[in-house]
Every structure is written in C-alpha cells, then in structure tokens.
Amino acid sequence: MKNSTILKITVLSLSLLNLTPNAISVALADITQSFPDTSPSTIAMILTLPSLFVIFFSSISGKLSTVISKKLLVLVGLVLFTVGGVAPAVMFSNSLIFILIMRAIMGIGLGICVPFTTGLIADFFQKDDEQTTLMGFQSSVVNIGGIVTSLLAGILAAIYWSNAFWVYGIGIIVFLLILFKLPEQTRVVIEGTQKTSLGGIVYFISFLGFLFSALTFPIFANTALLIVEQNFGNAASVGITLTFFSIAGLVAGLIFGKVMSTLNKFTGVFGTIFAGVGFLVITYASSLNMVIVGAILTGFGYSTIIPFLVVNTVINTDRSQTTFAIGILLSCLYLGQFVSPFILINIAKSTGNTSQMYTFLLCGAILIVSSIVIFLFNLKKSSALALSNK
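A. Examining the overall build of the chain more closely. Helices and strands together make up the secondary structure of the chain, namely 16 helices and 0 strands. Oriented by its inertia axes, the alpha-carbon framework of the chain measures out at about 60 × 55 × 35 Å. Here the chain, with 390 residues, has 56% of them falling under the buried criterion.

B. Summary view of helix H15 (residues 322-351). In a regular helix each residue adds 1.5 Å, so 30 residues correspond to 44 Å; H15 covers 42 Å between its end C-alpha atoms and thus fits that length. The sharpest bend along H15 measures roughly 40° and falls at Val-339, with the proline Pro-341 sitting one to four residues further on.

C. The packing of helix H5 (residues 96-124) against H15, seen in detail. At a closest axis distance of 9 Å, the pairing of H5 and H15 adopts a crossing angle of 130°. One finds that H5 runs oblique with respect to H15. The hand of the H5/H15 crossing is right-handed. Contacts from Leu-110, Val-114, Pro-115, Phe-116, Thr-117, Thr-118, Gly-119, Ala-122 and Asp-123 in H5 reach Thr-322, Thr-323, Ile-326, Gly-327, Leu-330 and Tyr-334 in H15.

D. Geometry of the side chain of Ser-213. With respect to the helices and strands, the residue Ser-213 is situated in helix H8 (residues 200-216). The residues contacting Ser-213, other than those within four sequence positions of it, are Leu-333, Gly-336 and Gln-337.

E. Here's a closer look at the packing of aromatic side chains. What the rule picks out here adds up to 12 aromatic pairs. Centroid distance Phe-270 to Phe-274: 5.0 Å. Interplanar angle 55°. Geometry classified as tilted. Of this pair, Phe-270 and Phe-274 both sit in helix H13 (residues 267-283), 4 residues apart, roughly one helical turn. By relative accessible area, which is 26% here, Phe-270 ends up partly exposed. Ring centres of Phe-279 and Phe-360 lie 5.1 Å apart, and the angle between their planes is 50°; on these two criteria the pair is classed as tilted. Here Phe-279, found in helix H13, pairs with Phe-360, found in helix H16 (residues 356-388); they are 81 residues apart in sequence, far enough to count as distant. These aromatic residues form a ring-pair network of at least three members: Phe-35, Tyr-160 and Trp-161.

F. Quick peek at the side chain of Thr-216. When you line up the elements, Thr-216 lands in helix H8. Contact partners of Thr-216, with chain neighbours within four places excluded, come to Ala-275, Phe-279, Tyr-302 and Leu-367.

Basis of the calculations
- Residues numbered from 1 in each chain as written.
- Predicted model: local features only at pLDDT ≥ 70, side-chain atom pairs only at ≥ 80, totals over all residues.
- Heavy atoms only, no water.
- Helix = DSSP H or I, 4+ residues; strand = E, 2+ residues; numbered from the N terminus.
- Buried < 20%, exposed > 50% of the residue type's maximum accessible area, 1.4 Å probe, protein only.
- Expected span 1.5 Å × (residues − 1).
- Bend = angle between axes of the 7 residues up to and from the residue.
- Axes fitted to C-alpha atoms, helices over the stretch in contact; angles between N-to-C directions.
- Parallel < 35°, antiparallel > 145°, perpendicular 65-115°, else oblique.
- Left-handed = near helix turned anticlockwise from the far one by under 90°.
- Contact = heavy atoms within 4.5 Å.
- Phe/Tyr/Trp six-rings, centres within 6.5 Å; stacked < 30°, edge-to-face > 60°.

See the structure below:
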C-alpha cells in the first residue's frame, strides 16, 4: 500500500510541470515595457515558443519510449526543462533572443516529459476505475503546479520581471522523485500480428483538443494584458487570478471521476459550457473580482475537458501505443496554444477591434455555440440508439 502511494505521488509529480510555461504570463506586461520596440506577437512568443517544441518532441518522445527507457527519457527531459526555464533569471535577461532560446530548450524538455504525465498512469494503473480517478487527479496536480508557479511568479515579478523565471526550479524536485522512486518498466512487446496503428478516432479527439486549446489559451496569454488595459491591477493581480483558475481546475480534477461516471459523453458539453461562460464573464468584467470569477469558471471547464480527452484517447488505443497516442493529443493541445495568439491577433486586426475584451468575447461565443452543437449531436445520437434498441 505504501509503495503504491509513493508510486502514485511520483507519477503524478510529473504533471506539476504541464501548466508552468504559462506561469510567465504574469510578467508579460512588464516584459512588453522592457522591450518597447518589440512587436506584441514577438513578446507573445516567450509564452508560446515552448509549445512549438512540445508539439514536435512529445511525438518523438512517444515513439522513442518503445526502444529507450521511459525513466531515462523523463530524466533527460527534466534536466532540459529546468536549465532552460531558470536560465533567464540567472543571466542575460536583457536579451530577448537569449530568453527565447532558453524557452525553446525548456519546451524541448517539457515535450519529452508530457506524454508520460498520463502515459505512466496508463502503464502502472490499469484498472478502469482507478485509472479514470487518477486521470482526474492528474488534472488536479497540473493545476497545483499552476497555482504554485503562477502565484510565486506573480510575487517574484512584482520585484522584477526576470525573477519570475525562478519558478522553473520546480523541475529539480520532480527530477529527484523520478530518479529515486520511479521503477524501471518492462517495455510492452508488440507482436507481429498485433494491430498497432492509431484509429481515426484518436486523431479526431486530438483535433478537438487543438480547437479547445486554441480557444481557451487567451486565459493565459491575454489575462495580464487585459488586467493592465482595464487598470484592474498589476503582475501580482494576474498571479492571483491565474491561481484561482488553477484552484478551480484542481477541484474539477478531484471530482472528475464522479462527473464522468454521471454525465458520460455529455462531460465534454459540461466542460465547454463552463469555459465559454467564464470567458463571457471576463468580457463584461468591471473589476478584478469579476475577472477572477470568470477565471474560476474557465478553470473548472478546462480541467474537465482535458482529462475527458485523455481518457477517451486511452480507451480507443491499444496499450502498446498509449504513450504515442497521448503524445499526439498533447502535441495538438500545445499546437493550439502556439497558433492561438497569431490567429486571434489577425482576427482582431481584420475587424478593427484589438481590445483584450474582444478576444475573450470571440472565444467565449465560439465555445458556447460549440457546446450547443456537441450537445445536440450527442442527443440525436442517443435518440437514434434508443430507437434502434426498440
């Protein structure tokens, strides 16, 4: 029992890193002021560049895991993540090029690690109820990482913005846990006659993940700019807002197993509605408190959708391909994050409305409409199934 608990803690600790690239968003407004001649899209790359490398390396990592020790891959990834993450706090913070290079290295490290945040759960815990519950807990741990790093980054950035990069020292703690407490695995041998190609449903789920990630990314990329634009607060205020986002996500993860067992396929609708309503609350916010309420709703929806997508990916994938399939899904999630600012900035320019409020209104409206479409589709599918069984 004790060993099982330690193993769960060790496996889940890796998920502390998932949201940490977004922790630096609390300092974006201050960074923009420090580089006044740099375009907003270039500044946004500090936040989005890690996602680009996660996209590529998470797929590679999933494939490499069939021939290289998963533990070794994770340890290498953690070293790159920590070094790339902390470096801008130590040196050359006045060089945007250096910061971007370090963010790329951090993204490579995170990309190597992220397929295993859920892949190791699928490997070590194969009972359906236990696995679904742990997937929910994994989402909660993701948000614990978001809470700690966002709050700490906000406090550090209030002193000076480059101090916010110290939060990536969290990688050292995870490295030590993995090094000493994660057992080596016996790799799954793929039989010659075994079907190992991913089904179309996995790619469809990944595509939905891409869309959802792109639409919800403004909560990370635009919240700091919105709070400053509306004179609601400073970097510490942004850190507090994102902390509440993560607390709501933590709660959603803890009850995910019960929500999933109750709502089943309508879980996706449930989460999307929460995220959409949260964005609309932020759109019409007249104070920091209202922005926080919107962040709470969005966080609950976000951390309901992500484990829902992961669980459905695992269900529809052969065990030997689980890590690779999750790598594809996570690549699409991070791809959505990477392209989101560029798409939304161009839409804003084309409509002549570049306010942060407009970005939240646009994404919130799309999320609400999408939830209605998904609900009607699932309802029609359920009705057709009921009639066929009569």
